Amino acid sequence: RMGLVSRGAPVREPLPAELTQWGTSQTGAAFNLDATNTRQALAFRAPQTGVIDRIGFAAGGTVAAGTVQGDVQAMVAGVPSGTSYGGGSPGTLSVGASGTYEITPAAGYAVTRRDPLAGVLEWSGAAGSLRLVAQVGGDTTNAPYLLRFTGGSWVVSTSTVGLIAMWVRYAEGGGTYY
């Protein structure tokens, strides 16, 4: 099982050593954000109590530039609820190339340690796609795990098991977790 690990400081370019071990060329739609797979989510438990003020991710490439929305949502029956958690509100960011990105939400998410959460990334482009950096392997029986929104509903990604490179940062200087 993989868990979110504290790194103490915000993640910045270039990719940290831990992420350079992750692949950027997975095949198939499991790690894409596009018109078909409009949302990807990473289910996890809040690593500490506080206010999440950044949602980060790593892009392995884009076919066409677009806007990505980041949100932290409650989990209901093992999938994201569609409702922002803890008084938070999503933020957006334009993405046009490979690299690491951090989305600043319109309002931070007040969370309590061990709350079941989902970091949700949503693609707003009608065309093109964004390949998320991911590590293949892991399991879907324990958090964190990957979910895709396709065909109008959330599905746990079991055909290609892996985790997208996503992290959250706390406002109080409590660290970055991924």
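As a starting point, this report considers the structure included with it. (Residues numbered from 1 in each chain as written. Predicted model: local features only at pLDDT ≥ 70, side-chain atom pairs only at ≥ 80, totals over all residues. Heavy atoms only, no water.)

Re the overall build of the protein
Here is step 1 of the chain: The helix and strand tally for the protein stands at one helix and 16 strands.
Here is step 2 of the chain: Looking at the 178 residues of the protein, the share that counts as buried comes to 46%.
Here is step 3 of the chain: Here the contacts in the protein between residues at least 6 apart in sequence split such that 78% fall between residues at least 24 apart.
Here is step 4 of the chain: About 7500 Å² of surface is accessible on the protein, with carbon and sulfur atoms providing 50% of the total. (Helix = DSSP H or I, 4+ residues; strand = E, 2+ residues; numbered from the N terminus. Buried < 20%, exposed > 50% of the residue type's maximum accessible area, 1.4 Å probe, protein only. Contact = heavy atoms within 4.5 Å. Areas by Shrake-Rupley, 256 points an atom, 1.4 Å probe, with all protein chains shown as cover.)

Some thoughts on the environment of Leu33
Here is step 1 of the chain: Residue placement: Leu33 occurs in strand E1 (residues 32–34).
Here is step 2 of the chain: Expressed as a C-alpha distance, the spacing of Leu33 and Arg148, which sit 115 residues apart in the sequence, is 9.1 Å.
Here is step 3 of the chain: With residues near it in sequence (within four places) discarded, Leu33 still touches Thr38, Arg39, Gln40, Val68, Leu121, Trp123, Ser129, Leu130 and Leu132.

Some remarks on the nonpolar core
For soluble globular proteins, nonpolar side chains are generally found buried alongside one another.
Here is step 1 of the chain: Among the nonpolar cores identified, the biggest contains 26 residues, and Ile52, Phe57, Val68, Leu121, Leu130 and Ile164 are the most heavily contacted of them.
Here is step 2 of the chain: Listing elements by their share of this core, those giving two or more residues are strand E2 (37–45), strand E3 (50–62), strand E4 (66–76), strand E7 (99–103), strand E8 (109–111), strand E9 (116–123), strand E10 (129–132) and strand E15 (166–170).
Here is step 3 of the chain: It is E3 that provides the largest number of residues to this core, a total of four residues.
Here is step 4 of the chain: In this structure, Ile52 is in contact with Val72, Pro105, Gly108, Tyr109, Val111, Leu117, Val168, Arg169 and Tyr170, ignoring residues within four places of it in sequence.
Here is step 5 of the chain: Residues Ala43, Met75, Tyr145 and Leu147 belong to the second largest nonpolar core, which totals nine residues. (Core = buried A, V, L, I, M, F, W, Y, C linked by side-chain atoms within 4.5 Å.)

Topic: the side chain of Asp115
Here is step 1 of the chain: Along the chain, Asp115 turns up in the loop between E8 and E9.
Here is step 2 of the chain: The buried charged residue Asp115 lacks any salt bridge, with Arg45 as its nearest oppositely charged partner at 6.9 Å.
Here is step 3 of the chain: In terms of polar contacts, Asp115 uses its side chain to reach the side chain of Tyr85, at 2.9 Å. (Lys, Arg positive; Asp, Glu negative; His and termini not counted. Salt bridge = Lys/Arg side-chain N within 4 Å of Asp/Glu carboxyl O. Polar contact = N/O pair within 3.5 Å; in protein donor to acceptor, adjacent residues only side chain to side chain.)

Observations regarding the environment of Phe149
Here is step 1 of the chain: Looking at the secondary structure, you find Phe149 in strand E12 (residues 145–150).
Here is step 2 of the chain: Residue Phe149 is classed as buried on the basis of its relative accessible area, which comes to 16%.
Here is step 3 of the chain: Counting along the chain gives 110 residues from Phe149 to Arg39, while the straight-line C-alpha distance between them is 5.0 Å.

Points about the packing of aromatic side chains
Given two aromatic rings, one states the distance between the centres and the angle between the planes to describe the pair.
Here is step 1 of the chain: Enumeration over the complete set of coordinates arrives at two aromatic pairs.
Here is step 2 of the chain: The interplanar angle of 20 degrees and the centroid separation of 5.5 Å between the aromatic rings of Phe57 and Tyr101 together place this pair among those described as stacked. Within this pair, whereas Phe57 is found in strand E3, its partner Tyr101 is found in strand E7, the two being separated by 44 residues in sequence. Of the two residues, Phe57 and Tyr101, neither departs from the other in class, the shared state being buried.
Here is step 3 of the chain: The ring of Phe149 is capped by Arg39, whose NZ or CZ atom sits 3.8 Å from the centre of that ring. (Phe/Tyr/Trp six-rings, centres within 6.5 Å; stacked < 30°, edge-to-face > 60°. Lys NZ or Arg CZ within 6 Å of the ring centre and 35° of its normal.)

Any link to function would need more than the numbers given here.
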